[in-house]
Amino acid sequence: MELSNVIYLDNAFIVEAYEKTFAKDAPTKYSKTTDVSLGFDFIAKAGASLKETFEYPINTHAMYRQLHEQLNKIEEIVLSDSNIRELPDLFWMEGLFGVSSASSNKDNITRYIFSAAPINGGKNLLLATNDVYFSSGYDQLLSLAPNFTNQYVIKAKMLLKFLGTTRNFSIAAPMIIIKNGNFDHHKNEEHEDRLN
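Residues numbered from 1 in each chain as written. Predicted model: local features only at pLDDT ≥ 70, side-chain atom pairs only at ≥ 80, totals over all residues. Heavy atoms only, no water.

### Details of the overall build of the protein
Rules: For the purposes of this entry, the term helix denotes a DSSP run of H or I that reaches at least four residues, the term strand denotes a run of E that reaches at least two, and both are numbered from the N terminus. Only protein chains enter the calculation, and the probe is 1.4 Å; a residue is then buried if its accessible area is under 20% of its type maximum, exposed if over 50%, and partly exposed in between. In this description, contact between two residues means that some pair of their heavy atoms is separated by no more than 4.5 Å. Method for areas: the Shrake-Rupley scheme with a 1.4 Å probe, in which residue coverage is limited to the protein chains shown.
On a plain count of helices and strands, the protein comes out with 4 helices and 8 strands. Along its sequence from the N terminus, the protein presents helices and strands in the succession β-α-β-α-β-α-β-β-β-α-β-β. For the protein, with 196 residues in total, the buried portion stands at 37%. Here the analysis covers contacts within the protein between residues at least 6 apart in sequence; of these, 64% occur between residues at least 24 apart. In the structure as shown, the protein presents an accessible area of about 11,900 Å², 48% of it carried by carbon and sulfur atoms.

Okay, here's the thing in structure tokens:
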């Protein structure tokens, strides 16, 4: 396993999995700090706002390295039109990871979101992501998306937490995304709209 291929790692999930797997608390340094960004007068009246900070002497990538074999025992799903609305709470999938666009008829604004899709076609799964869990560069993709619309796609193995459905979409949150390779747009022109 190449840690350099891990492009998304949910720190909270990894710490919790580490603690459960090894039946011990992840060693932490804990602190609270006062948020004074609102100004002294406001804080004096409303009370200080506290931020909690946790620091780990080993980073989450090192924890993930220790958890790798255990996490690989989680079920792998082949995403299909028949199971996309009834997925397990936590599952692996191999497929395509990329940027999708969605337009709103109400305000005529195009928004961008990450999504996952099976390699051999089918419906896509919208992904609720947190930029802080992406490795450098990937956290900037949505802000750059208007320049390349739906053309950013890579092959990836993803550990996903199923969140539920809307009327039209199924939604999951990635816990881990591992890049397996680049998507060849020229070879796969007929599948270019896979993540739309």
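Picking up where we left off.
### Side note on the confidence of the model for the protein
Atom-level detail of predicted coordinates should not be read off regions where pLDDT is low. Applied cut-off: One number per residue, pLDDT, summarises how confident the predictor is, and it ranges from 0 to 100.
When pLDDT is averaged along the protein, the result is 79; 73% of the residues meet or exceed 70. Of all helices and strands in the protein, the one with the weakest mean pLDDT is helix H2 (residues 40-46) (44), whereas strand E1 (residues 6-9) scores best (94). Considering only residues more than four positions removed or in separate chains, one finds that residues 35-47, a stretch of pLDDT under 50, has 6 contacts.

### With respect to the packing of aromatic side chains
Inclusion rule: Stacked, tilted and edge-to-face pairs are distinguished by plane angle, under 30 degrees for stacked and over 60 for edge-to-face with tilted covering the rest, among Phe, Tyr and Trp rings (Trp via its six-membered ring) whose centres lie within 6.5 Å.
For the structure on display, the rule yields 6 aromatic pairs. Taken together, a centroid distance of 4.6 Å and an interplanar angle of 75 degrees make the contact between Tyr8 and Phe134 edge-to-face. In this pair, Tyr8 is assigned in strand E1 and Phe134 in the loop between strand E6 (125-127) and helix H4 (141-144), connecting sequence segments 126 residues apart. Pair check on accessibility: Tyr8 and Phe134 agree, each one buried. Ring centres of Phe97 and Phe114 lie 5.1 Å apart, and the angle between their planes is 15 degrees; this geometry places the pair in the stacked category. Here Phe97 is found in strand E4 (residues 90-103), whereas its partner Phe114 is found in strand E5 (residues 110-117), with 17 residues between them in sequence.

### A look at the environment of Arg111
Tracing the backbone shows Arg111 in strand E5. By relative accessible area, Arg111 is classed as partly exposed at 44%. Here the alpha-carbon distance between Arg111 and Ser100, two residues 11 residues apart in the chain, equals 8.4 Å.

### Notes on the pairing of E5
Here is the rule we go by: Think of it this way: DSSP has to see at least two bridges between two strands before they count as a pair.
Inspection of the sheet shows E4 paired to E5 by 8 bridges, in the antiparallel sense. Paired with Phe97 across the bridge in E5 is Ala116. One ladder, built from 3 bridges, connects E5 with E6; its direction is antiparallel. Looking at E6, one finds that Phe114 is bridged to Leu127.

### Topic: helix H3 (residues 60-71)
For clarity, the cut-off: Residue count minus one, scaled by 1.5 Å, sets the expected span of a helix. The term polar contact refers here to a pair of N or O atoms within 3.5 Å; inside protein, the definition further demands a hydrogen-donor-capable atom paired with an acceptor-capable atom, and it admits residues adjacent in sequence only when both atoms are side-chain atoms.
In this model H3 runs just 14 Å from its N-terminal to its C-terminal C-alpha over 12 residues, more than 12% under the 16 Å that 1.5 Å per residue would give. For H3, the complete set of buried residues consists of Thr60, Ala62, Met63, Tyr64, Leu67 and Leu71. Buried residues in H3 make contact with E1, helix H1 (11-22), E4 and strand E8 (170-182). With a side-chain oxygen lying 3.0 Å from the backbone nitrogen of His61, the N-terminal cap of H3 falls on Asn59.

### Re the pattern of salt bridges
Here is the rule: Note on definitions: salt bridges are taken to be side-chain nitrogens of Lys or Arg within 4 Å of carboxyl oxygens of Asp or Glu.
Evaluation of the coordinates by the stated rule reveals 1 salt bridge. Lys20 is paired through a salt bridge with Glu16; the nearest N and O atoms lie 3.1 Å apart. In this pair, Lys20 and Glu16 both sit in helix H1, 4 residues apart, roughly one turn of the helix. In this structure Glu16 comes out as partly exposed when scored by relative accessible area, which is 44%.

### Describing the pairing of E4
Bridge count for E4 against strand E7 (residues 153-165) is 9 bridges, and the pairing is antiparallel. Residue pairing across strands places Gly95 opposite Ala156, the latter belonging to E7.

### Here's the deal with the environment of Thr165
As for its placement among the helices and strands, Thr165 is situated in strand E7. Spatially, the C-alpha atoms of Thr165 and Arg85 are 6.5 Å apart, while their sequence positions differ by 80 residues. Non-local contacts of Thr165, meaning those with residues more than four positions away in its chain, are made with Arg85 and Ser170. At 3.5 Å, the side chain of Thr165 and the side chain of Arg85 are in polar contact.

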